[in-house]
Amino acid sequence: MRKLALFGNPNTGKSSIFNRLTGLKQRVGNFPGVTVDKQTGQLNLHGEKIEIVDFPGTYSIYPRSKDEQVVYDVISHPGHPDYPETAIVVADASNLERNLLLFTQIYDQGIPTILVLNMTDVASKNGLLLDIQKLKSHFPDTTIVRSNARIGTGLNELLEAIHQVGQQTAGIPGTASKALVTLEDSAGQSADTEERFIRIQKIVKDSVHQKSKTQEQLFSSRIDKWLVHPVFGYLLFFALLLVIFQTVFSFASYPMDLIDSAFAELAAWTSSSLPEGLFTRLLSEGIIPGIGGVVIFIPQIALLFFLLAILEETGYMARVVFIMDKLMRPFGLNGKSVVPLISSAACAIPGVMATRTIHSRSERLTTILVAPLMSCSARIPVYTLLIGLVIPDRKVLGFLNIQGLVLFGLYALGLVSALLVAMVIKQFFRRSKERSIFLLELPAYKSPRWGNVGLEVLQKVKIFVTDAGKIILAISILLWGLASFGPGNDMEMAAAKIPLPKTTDAAAADQYNNLVASAKLEHSYMGILGKGIEPVIKPLGYDWKIGISLLTSFAAREVFVGSLATIYSVHQEDDDPKPLIDRLHEEKYPDGRPVYTLASGVSLLVFYAFAMQCMATLAVVKRETKSWKWPLIQLGYMGFMAYIGAFIAYQLLS
Amino acid sequence: MLYTFFMVAAFQLNSINFVPQVSIPIMKTLAQASLQSPAKVTGISESDLKPKLLEMGLYTGKTVTVLFRAPFGDPIAVDVDGYVLSMRLNEASLVLIEEISGAE
């Protein structure tokens with residue numbers, strides 16, 4: 001299969017061209033040895049199958065970061081597996097000079113090239129006249145195509161050029177007319193770049209004629225007067241954050257509830273219509289709920305990326321970075337970190353995925369590491385239960401409800417700890433060698449291209465389901481197995497000890513079933529583990545029953561409530577925590593002390609504020625960082641904070 | 001919120017005091033350039049950022065204009081011959097400029 005590669009500066013409409021060439025035939029893979037995603041698409045042209053790789057947008061072949069280095073590595077090594085037979089370089093026609101830098105670097109390597117002059121509408125609006133013949137005379141070995149991805153012109157010409165290049169250059173190895181400077185040679189790169197611009201200036205002078213003053217840019221700077229304004233700029237941004245949060249937090253809950261009940265029904269139907277046995281249980285209790293646990297996140301991911309893609313497409317995101325940079329810098333975070341962090345206050349999964357837009361690797365990693373500290377919606381059932389259990393329902397200062405105050409405090413604790421941890425990471429754990437480079441283009445405002453937005457949403461959902469979904473499914477089946485099986489026939493023996501109901505009414509049967517479920521969980525492997533960790537969690541004020549619930553809620557925090565209900569054989573209806581709270585109030589140690597006191601309750605609240613009790617987040621972090629190192633570090637540091645925090649809370653209050 | 005307000009106020013005070021009083025022809029950097037007044041790039045200080053600044057088109061002889069600043073004065077947005085580049089002050093301070101006389 002013939003290999004083509006797409007290169008170009010950021011904001012040139014490169015991904016639009018990639019989308020138009022390959023449509024839905026795209027997949028995401030890896031470049032060997034680096035963490036950047038490799039977008040590959042397929043094009044069928046006159047019966048020929050062509051593979052197109054979309055490289056990260058760069059201003060130069062010399063990288064700013066490890067992630068950008070992939071362009072240099074591929075272009076400078078003709079033996080590289082991703083070395084293209086033809087390079088398509090997309091250039092912004094309205095800013096030809098800067099765009100030609102990357103083009104000449106690639107052209108001079110002797111790779112057959114196609115130069116796509118994109119955004120020709122902006123160029124002509126800006127009063128620029130491009131003389132293609134003149135331009136061509138400076139680059140005789142290239143094919144020049146004019147295109148406008150926005151209104152959809154130039155695609156046929158580009159396809160024709162791709163076809164033609166294939167006919168002419170098949171098998172001809174390129175010869176570099178000018179060797180690239182090594183990555184370490186900063187002075188050499190400067191000299192090379194300066195030399196190239198002297199050459200490019202002449203070419204541009206020759207082939208581009210300025211008719212009138214730039215209008216598009218005037219329009220953009222007029223909008224910018226308001227959008228980066230010290231007051232209105234922030235007001236607008238906070239309003240947008242509110243919309244994003246509302247969408248992920250509230251609107252997504254409708255499809256999520258539907259998915260939840262659909263999978264519950266499917267599981268019930270499976271267990272009732274298939275013959276009883278291990279396989280049916282695996283299917284109805286392990287696999288189907290596991291898949292449901294993956295699918296449930298799709299609405300949040302789709303909605304968040306729909307909004308984010310619009311912000312990126314319009315050019316507003318660059319302004320967010322611009323106005324937030326100074327505020328986020330002390331924390332070692334990027335201006336773009338704000339959106340992922342706010343999204344994480346609804347759910348860390350789309351939040352972590354949203355860090356994709358942060359170009360600096362260390363700032364992106366820091367954002368990922370602290371995002372799960374933000375108080376997410378899965379903590380709410382846990383908080384509601386525990387606050388109702390141990391915090392008195394009283395008012396202070398006449399109007400402030402203490403329960404509400406504690407809940408607010410927990411949210412504040414999440415935000416403050418996220419920022420503080422980010423600061424600690426910046427101070428102590430960052431290699432200062434990788435200097436943070438800001439230099440960002442503020443692209444002119446544009447209306448979003450809906451095709452790109454749609455593809456972006458589709459791709460994010462696909463990545464989540466295929467990459468993170470596997471891990472989530474595997475862990476949920478493992479957790480189910482641990483809670484459903486026990487050594488020998490311990491579970492059956494324990495269940496048999498429960499006296500059968502004397503009457504045949506439904507309430508008695510329910511109670512019997514609840515008692516059996518409780519006895520079984522106690523004697524399962526999970527129950528044994530829960531008892532096993534009792535000495536470790538005793539200093540936090542927890543008994544083995546809480547221990548079991550801590551372990552099962554590694555699946556997701558809200559499972560804590562359901563697990564407690566199972567252990568105490570409390571029937572829960574419509575998520576009403578009241579019966580469970582009443583039951584927990586009665587729970588006593590053998591010596592008569594209550595288990596759930598202010599001290600143990602607050603200790604649990606602190607534990608859940610910090611602990612990484614979410615396998616789905618870990619799976620997503622593994623996907624986004626492409627290694628198990630970071631999710632494990634995250635699990636470790638958050639667990640450590642949770643343990644120490646809960647320990648201090650318990651010891652102070654008891 | 002209070003913090004924001006304080007910073008905005010401080011920045012505005014700061015910008016009032018920042019108006020240069022005398023015009024002695026000294027070497028200026030892009031970080032010190034006044035808003036909306038075109039200047040010519042005269043060079044880039046030696047730094048590991050030098051090639052990156054050059055790549056963005058900031059080579060000797062280029063005309064640049066500071067268009068606006070972020071709310072706290074940093075970063076700044078610079079017109080680089082037809083496109084808008086945003087940069088932090090520490091990056092801008094590496095770009096040596098000469099203000100084009102007769103612009104005011």
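Residues numbered from 1 in each chain as written. Chains lettered and ligands numbered in written order. Predicted model: local features only at pLDDT ≥ 70, side-chain atom pairs only at ≥ 80, totals over all residues.

Undergrad: So what about the sheet that holds strand β1 (residues 28-29) of chain B? Which residues, and what values?
TA: By definition, the strands of a sheet pair up through backbone hydrogen bonds, in either a parallel or an antiparallel sense. In spatial order, the strands read β12(A)-β5(B)-β4(B)-β3(B)-β2(B)-β6(B)-β1(B); together these seven strands make up an open sheet with antiparallel pairing. Each having just a single partner strand, β12 (440-441) of chain A together with β1 of chain B make up the two edges of the open sheet. The pairing of β1(B) with strand β6 (residues 95-99) of chain B spans two bridges and is antiparallel. The residue bridging B:T29 from the neighbouring strand is B:L96, located in β6(B). (Pairing = 2+ DSSP bridges. Helix = DSSP H or I, 4+ residues; strand = E, 2+ residues; numbered from the N terminus.)

Undergrad: Before we move on, could you go through the pairing of strand β1 (residues 2-8) of chain A and cite the residues and values that matter?
TA: All names here are of chain A. Taking burial as the measure, the seven residues of β1 include five buried ones, the bulk of the element. Examined bridge by bridge, β1 and strand β4 (residues 48-54) share five bridges and lie parallel to one another. When the sheet's bridge partners are listed, K3 is paired in β4 with E51. In the sheet, β1 pairs with strand β5 (residues 86-92) via five bridges, with the strands oriented parallel. The residue of β5 that forms the bridge with L6 is I88. (Buried ≥ 20, exposed ≤ 12 C-beta atoms within 10 Å, placed from the backbone.)

Undergrad: Can you tell me about the interface of chain B and chain A, naming the residues and giving the values?
TA: At the interface, 28 residues of chain B touch 33 residues of chain A. Of all the elements in the fold, those that place two or more residues in the side of chain B that touches chain A are α1 (2-17), α2 (50-55), β3 (63-69) and β5 (83-87) of chain B. For the side of chain B that touches chain A, the class distribution of residues is 17 nonpolar, four polar and seven charged. Note: β12(A) against β5(B), two bridges, orientation antiparallel. (Contact = placed C-beta atoms within 7 Å. Nonpolar A, V, L, I, M, F, W, Y, C, P; charged D, E, K, R; others polar.)

Undergrad: Give a description of the packing of helix α3 (residues 96-107) of chain A against helix α7 (residues 186-207) of chain A that names residues and reports values.
TA: The geometry of a pair of packed helices is captured by two quantities: the angle between their axes and the separation between those axes. All names here are of chain A. Where α3 meets α7, the closest approach of the two axes is 9 Å, and the angle between their N-to-C directions is 125°. The angle between α3 and α7 falls in the class oblique. Note on packing geometry: the crossing formed by α3 with α7 is right-handed. Within the contact between the two elements, α3 uses L96, E97, L100, L101 and T104 and α7 uses T193, R196, F197, I200, Q201, I203 and V204. Across the contact of α3 with α7, the residue classes tally to seven nonpolar, three polar and two charged. (Axes fitted to C-alpha atoms, helices over the stretch in contact; angles between N-to-C directions. Parallel < 35°, antiparallel > 145°, perpendicular 65-115°, else oblique. Left-handed = near helix turned anticlockwise from the far one by under 90°.)

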